[in-house]
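Understanding the architecture of this molecule
Each chain, letter by letter, is given below.
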Amino acid sequence: MIRRAILALALLSAAGAVAQASASAPAVPDNAVVTGNELPANLSAFGFFADGPAQIPAARVTPYRLNTPLWSDGAEKLRFVYIPDGSQAKAEGENLLQLPVGAALIKTFAFQDHGKRRLIETRVLLHRTDGWVALPYLWNAEQTDAKLALAGARVPVVSPAGEAIEYRVPNKNQCKECHGLNGAVIPIGPKARNLSRDWLDRFAAAGMLDAAPAVAHPVPLWEDRAKAGSEAAARGYLEANCAHCHQPGASASNSGLDLRWEQDDPHALGIMKRPVAAGRGAGSLLFDVVPGKPSESILLHRMGSLEGGVAMPELGKATLDHEGLAVVERWIAGL
Amino acid sequence: MSRLALLALTAAGAPAMAATHTVAPGEGGQQRLQEALIVAQPGDEVVLGAGRFVLDDGLSLDVDGVTVRGAGMNATVLDFTGQKDAGEGLLVTSDKVTLRDFAIENPHGDGIKSKGADAIVYQRVRVTWTGGPKETNGAYGLYPVESDGVLIAECEVSGASDAGIYVGQSKAITVRNSVARHNVAGIEIENSRDALVEANYVTGNTGGILVFDLPSLPVMGGGNTIVRSNLVVHNTTPNFAPKGNIVAGVRRGTGVMVMANDGVLVEGNTILDNPTAPVMVVAYPLKFDDKSYNPYPRNVTIGVNQVDAGGTDPQFEGKEQLLAAFGGALPPVLWDGLSQAGTVALRVDPSIKGWSLNLPTQGGGLDAAVKPGPLEAPAPVAGASLTGVGAPAELEARLVP
């Protein structure tokens, strides 16, 4: 009881300190922690948020969204990019923004719980001198801070579709399964083609980006998928959900399947392509994508499965993405 | 110690600094074991205690130079029966890793996958699907892929619904003194070069030892492979692969099968009771549109092997007529009759008889127009042998008695 009282006092004084600090200067992330060699035990150590529980970002931490995002059991995702003072992201055409050393990407996953937003985990990608480091942080029950969870975790949640699931927080290595390219960890989300024109303009105007790049073929907005055309919607979905593994140099490179937005070779996209090491994941089917025949396409079969060894993606999926399935099904049916 | 200092020591070659991370089975085993695999530094050992680790997620290792060892392949068991996530039991993505003396049971996908993991040693590792051959078993037992330097020794795999030991898109490979039992394919070397498959016991599979090259993959051009001194017997389990897999086409009772490879030597093996064909040499049978792919077997040599009478119960249409034509058993070596113009598909030691399907074209099937007949193949070239085959000596040096 005494211990709890002391804790309460400590919290009060910490809150006071924050209030004082914010009266004088806006909260700013701690560059030494972002770029140092340590793996901080608590998310709050980075200072990415002026108010972590409310997900209010600190100065130079900019929220963003992706036109078509990666689906994770329907989790709400809050994305932020941190650019340290004195540096700038660089545009590489339509591709991934090149973020400077000292930058960070922060993504919080949340589900609704009794009408309130419950933060589950925050993943951070830190651009340190010797490369990117990916770390998962698990929010505590009190929703006051998140703790480093190197080995990942399972958290019971109810998905937006109403399914009670064990939501999987990936372990540190599993981060690399999706973020690995040619042996290095890299960001996968913030590609210029998958960000809005408006956001790119504002990010550049704020001095965080060297120039807003021209994007000839943006990935369509997910909410607009019905009017985007079946190919653009499906290819955008595959780009955001599958291509980080299914491309040369990434973790599913040995499959020979390349689902990137810019890939235009039908065979590389799986059209009449035979699987190589899909094992029983292929089911009884012969080709990844059979034009006009969604039910004969391994791609859709694996997206529609929850069974280990069959389900795709292999990680971060405890429920089916029925809207994603519908989009890919419509594309294959129309081929 | 700071990470920089440790790096400096590692660079200076100070193995005395290596740490041991001991993990015992029991409460929280999943998390403790995964954390040990994450915090290990190059040169460290992760030591698994005896007993059964009950795991519900895949494990992964991404640190170079780590040894993971248990108390024995029957004493330390990683039990994935209740696995909920991941495509394999253990995933290794770092180089110079040694895996030794433990077992993986009932993974939902593959047993151990090592991808882009150069210089890897698997010694006395067992992967078992305990319910026997089933279509619902995972695909591959041991699955090194896109790796340079692979040594698999004294391992055991049974129950894989695709291949027990599968090495793909790799080079400098040895698979030795291992047991592959009750898988669809016992040992499969695919799109790989410089492999030595030696002194293994391959039994109860649908097909025993397969050496394949497939089109449209990042790494092709398989070949320069020796298959020798293996015991390939009684591979009579009906094919239980899900349809669609390339191995779903492997006929029950195939001993050693070579498809679309350049330079393969099969000699000194004991190949008995493989009732479709003790030895089969064929072209890739399907249509393909990859112009860089060569679908034909080239320079395959079947040397002196101990084989029985041959295919007594071949899984072919019209087998009655075939058996009658050949006097009750099909000769031991089956060739589909296809070769690349200007090259020799295969040479066979005169001590072994063969037959040919005499297929007219690649991609064509067995039909009424096909007229099988005795195989006329040249004898092996004296003194010619494959060189540069097998895992590097540095990997052999990591084996322990």
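Within any chain, residue numbers begin from 1 and follow the written order of that chain's sequence. Labels follow written order: the first chain is A, the first ligand is 1, and so on. A pLDDT threshold of at least 70 governs which residues receive local features in this predicted model, and a stricter bar of 80 or more applies before side-chain atom pairs are shown or counted, although totals over entire chains, interfaces and linings include all residues. Where side-chain values are given, they derive from all heavy atoms of the structure, hydrogens and water being excluded.

An unreviewed UniProt entry lists chain A under the name Cytochrome c domain-containing protein, from Tsuneonella deserti.

**Observations concerning the pattern of salt bridges**
Residues and elements named next belong to chain B. What counts as a salt bridge is simple: a side-chain nitrogen of Lys or Arg found within 4 Å of a carboxyl oxygen of Asp or Glu. Applying the stated criterion to the full structure yields 33 salt bridges over all chains. Where glutamate 105 meets arginine 52, a salt bridge forms, and the shortest distance between an N and an O atom there is 3.0 Å. Of the two residues, glutamate 105 sits in strand E8 (residues 98-105) while arginine 52 sits in strand E3 (residues 51-54), which places them 53 residues apart along the sequence. A salt bridge links glutamate 396 to arginine 176, with the shortest nitrogen-to-oxygen separation between them at 2.7 Å. Here glutamate 396 is found in helix H4 (residues 393-396), whereas its partner arginine 176 is found in strand E15 (residues 171-176), with 220 residues between them in sequence. Exposure classes here rest on a 1.4 Å probe applied to the protein chains alone. A residue is buried below 20% of its type maximum, exposed above 50%, and partly exposed in between. For glutamate 396, a relative accessible area of 26% translates into the label partly exposed. Relative accessible area serves as the criterion here: at 17%, arginine 176 is assigned to the buried category. Put simply, DSSP marks the helices as runs of H or I at least four residues long and the strands as runs of E at least two long, and each gets a number from the N terminus on.

**Re the nonpolar core**
All names here are of chain B. Buried Ala, Val, Leu, Ile, Met, Phe, Trp, Tyr and Cys residues form a nonpolar core when they are joined through side-chain atoms within 4.5 Å. Among the nonpolar cores identified, the biggest contains 65 residues, and Val46, Leu78, Leu99, Phe102, Leu142 and Ile302 are the most heavily contacted of them. Looking at this core element by element, the count peaks at four residues for strand E10 (residues 120-128). Look past the residues within four positions of phenylalanine 102 in its chain and what remains in contact with it is Leu48, Val68, Gly70, Gly72, Met73, Thr76, Leu78, Leu90, Ile112, Arg124, Val125 and Arg126. Grouped together as the second largest cluster of nonpolar side chains are 37 residues, Ala139, Tyr140, Tyr293 and Leu323 included. Contacts are assigned to residue pairs that have any heavy atoms within 4.5 Å of one another.

**Focus: the sheet that holds strand E4 (residues 76-82) of chain A**
Residue and element names in this part refer to chain A. Note: two strands are recorded as paired if DSSP finds a minimum of 2 bridges between them. Taking strand neighbours across the sheet as the criterion, the six strands line up as E3-E4-E5-E6-E7-E8 in an open arrangement whose pairing is antiparallel. The open sheet terminates on both sides in strands that have one partner only, identified here as strand E3 (61-64) and strand E8 (146-148). Strand-to-strand, the axes of this sheet are offset by a mean angle of 30 degrees, without reference to chain direction. As paired strands, E4 and strand E5 (residues 104-113) are joined by seven bridges and run antiparallel to one another. Across the sheet, residue valine 81 finds its bridge partner in E5, namely leucine 105. Axis definition: a line fitted to C-alpha atoms, limited for helices to the stretch in contact. Angles are taken between N-to-C directions and run from 0 to 180 degrees. Packed onto the sheet, helix H4 (residues 197-205) meets E3 and E4 and runs at close to 170 degrees relative to E3.

**Considerations on the packing of aromatic side chains**
The relation between two aromatic rings is expressed through the spacing of the ring centres and the mutual angle of the planes. Residues and elements named next belong to chain B. Centres within 6.5 Å make a pair out of two Phe, Tyr or Trp rings, where for Trp the six-membered ring is used; the pair is then stacked when the planes are under 30 degrees apart, edge-to-face when over 60, and tilted otherwise. In the structure shown here, the tally under the stated rule is 17 aromatic pairs over all chains. Ring geometry for tyrosine 284 against tyrosine 293: centres 5.4 Å apart, planes inclined by 85 degrees, an arrangement best described as edge-to-face. We classify tyrosine 284 as buried; its relative accessible area is 3%. Note on phenylalanine 316 and tryptophan 355: the rings are 6.1 Å apart at their centroids and 80 degrees apart in plane angle, and the pair reads as edge-to-face. Of the two residues, phenylalanine 316 sits in the loop between strand E28 (306-307) and helix H3 (319-325) while tryptophan 355 sits in strand E31 (residues 354-356), which places them 39 residues apart along the sequence.

**Considering the sheet that holds strand E4 (residues 59-61) of chain B**
Residue and element names in this part refer to chain B. One open sheet holds the 12 strands; their spatial order is E4-E7-E9-E11-E14-E17-E20-E23-E26-E29-E31-E32, and the pairing between them is mixed. The open sheet has two edge strands with one neighbour each: E4 and strand E32 (373-374). For strand E29 (residues 333-335) and E31, the ladder comprises three bridges, and the chain directions are parallel. Its bridge partner lying in E31, leucine 334 is registered against tryptophan 355. The sheet strands contacting helix H2 (residues 29-39) are E4 and strand E7 (88-92), and the helix crosses E4 at an angle near 15 degrees.

**Looking at the pairing of strand E2 (residues 45-48) of chain B**
Residues and elements named next belong to chain B. Where strand E1 (residues 20-23) and E2 come together, four bridges link them in parallel fashion. By the bridge assignment for E2, histidine 21 is matched with valine 46. Looking down the strands as they point away from you, a crossover is right-handed if its path from the first strand over the helix to the second goes clockwise. Of the crossover connections in this fold, the one passing from E1 over H2 to the parallel E2 is right-handed. Taken together, the three bridges between E2 and strand E5 (residues 67-69) define a ladder with parallel strand orientation. Directly across from glutamate 45, in E5, lies its bridge partner threonine 67.

**What to know about helix H6 (residues 230-241) of chain A**
Residue and element names in this part refer to chain A. Helices are assigned an expected span. That span is 1.5 Å times one less than the residue count. Taking 1.5 Å of rise per residue, 12 residues should cover 16 Å, and H6 covers 16 Å from first to last C-alpha, within 8% of that figure. Taking burial as the measure, the 12 residues of H6 include nine buried ones, the bulk of the element. Taken as a whole, H6 has its buried residues at Ala233, Ala234, Arg235, Gly236, Tyr237, Leu238, Glu239, Ala240 and Asn241. Along its buried surface, H6 packs onto helix H5 (225-228), helix H7 (298-303) and helix H8 (322-334).

**A few points about unusual backbone geometry**
The peptide bond linking methionine 312 of chain A to proline 313 of chain A adopts the cis configuration, its omega dihedral lying at -5 degrees. In this structure, aspartate 194 of chain B takes a positive phi of about 60 degrees despite not being glycine. Relative to the helices and strands, aspartate 194 of chain B resides in strand E18 (residues 193-198). Even without being glycine, asparagine 358 of chain B reaches a positive phi, approximately 55 degrees. Judged by its relative accessible area of 38%, asparagine 358 of chain B is partly exposed.

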